[in-house]
Amino acid sequence: MSLEEFLTEWHNDSPLVLVHTSGSTGTPKPVLVEKRRMLASARVTCDFLGLKPGDTALLCMSLDYIAGKMMVVRSLERHLQLVTVPPSGKPVWSGTIDFAAMVPLQVWNLLHDPEGRLRLMQVRHLIIGGSAIDNDLAAALSGFPNYVWSTYGMTETLSHIALRRLNGPEASQWYTPFPSVKLSLNDEQCLVIDAPEVCDECLVTNDIAELAADGRFKILGRKDNVICSGGLKIHAEELERQLHPHLRVPFIITKRPDEKFGEMVVLLTEGSVDEARDVCETILPKFHRPRAYVHVDCIPLTANGKPARKEAQQLAAGH
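Residues numbered from 1 in each chain as written. Predicted model: local features only at pLDDT ≥ 70, side-chain atom pairs only at ≥ 80, totals over all residues. Heavy atoms only, no water.

Caption draft 1: Structural detail: the packing of aromatic side chains. Evaluation of the coordinates by the stated rule reveals 7 aromatic pairs. Summarising the aromatic geometry, the rings of Tyr175 and Phe217 are spaced 5.3 Å apart at their centres and angled 20 degrees between planes, so their arrangement reads as stacked. Within this pair, whereas Tyr175 is found in the loop between β8 (159-165) and β9 (176-177), its partner Phe217 is found in strand β13 (residues 217-222), the two being separated by 42 residues in sequence. Assigned by exposure class, Tyr175 and Phe217 land together as buried. Clustering of aromatic rings is evident, with ring pairs tying together Phe48, Tyr147, Trp149 and Phe178. One Lys or Arg, Arg165, reaches over the ring of Trp149 and ends 5.5 Å from the middle of that ring. In this structure, Arg291 packs its charged tip against the face of Phe261, placed 3.7 Å from the ring centre. (Phe/Tyr/Trp six-rings, centres within 6.5 Å; stacked < 30°, edge-to-face > 60°. Helix = DSSP H or I, 4+ residues; strand = E, 2+ residues; numbered from the N terminus. Buried < 20%, exposed > 50% of the residue type's maximum accessible area, 1.4 Å probe, protein only. Lys NZ or Arg CZ within 6 Å of the ring centre and 35° of its normal.)

Caption draft 2: Representation of helix α7 (residues 236-243). Within the span of α7, buried status applies to Ala236, Glu237, Leu239, Glu240 and Leu243. Take α7 and look down its axis: the buried residues cluster within an arc of 160 degrees, on one side only. (Arc of directions from axis to C-beta.)

Caption draft 3: Here's a closer look at the sheet that holds strand β6 (residues 125-128). Taken together, the 7 strands give an open sheet; going across it, the order is β4-β3-β5-β6-β7-β8-β9, and neighbouring strands pair in mixed fashion. In the strand order of this sheet, the two ends are held by β4 (81-84) and β9, each with one partner. Here strand β3 (residues 56-59) runs beside β4; their pairing, made up of 4 bridges, is parallel. Residue pairing for β4: Leu58 is matched across the bridge by Val83. (Pairing = 2+ DSSP bridges.)

Caption draft 4: Region of the structure containing helix α9 (residues 309-318). The complete set of buried residues in α9 reads Arg309, Ala312 and Ala316. All buried residues of α9 project into a common sector of 55 degrees when viewed along the axis, lining one side. Among the exposed residues of α9, those pointing more than 90 degrees away from its buried face are Gln314, Ala317 and Gly318. For α9, the secondary structure elements touched by its buried residues are α7, β16 (251-258) and β17 (262-269). (Contact = heavy atoms within 4.5 Å.)

Listed below in structure tokens is the structure:
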């Protein structure tokens, strides 16, 4: 979708906008959302970051997904100067940018280009979302001079409902929800979001979380990605976080059914199976190590770069 097409849709008589979920845990699906709620979400983000009319905002993400659409809506709501560049894995822009939103892949690519890194460091507020931020990326951003944030949210919450700092003395693993958001945990310890400004009903997520007394929260992993092996509940994302500093090739932790253990941990890698096994046996606790290692030509990803978990499970089952 082009900017002109989205603006035409935004300014038509319908109170609704069509967006698509990312497909990270299944088939992408269309969702109709209210424009007034998108404006409310935009207002909260701009207030939280202290953005003011005339500030520059960079649109470098696809308008096919909520993240790109919301950058336009924030610009409309706060009268920001929208700078548009073609969406790519390594966006290029010129001039001073006060506010930009990117996915981790874009940030990673820019960090490894001297000119791109310099441009990135000059962004006053950089928000990063769409997939997990690993330890290496967080470490590379920790010394940035301006504000770098990790976002928490999803299509149904019209982008994010919470932020956490990745750099400076306020860097934290804990997300701070926006003032209008109330959070709780259900019986499965999954996060429940009550955000009346952006959602009609409470949203029960699949994210297993920990809540702090002051209202902040930390994500431990997705319920879908819990591997129940021999009576242990193993979080795939936690294993990936432990392995990322040591495995330099693309990989993913997944699972497949097992007659003895119920489910077994499986590691898919684009690199050497032997190398992956050696790293896992060195880094991971004995009963959390993969019981199978599979070489694949390409780790499955969704259209916007998130791990395609369902497809990874199918690959694991096929081996």
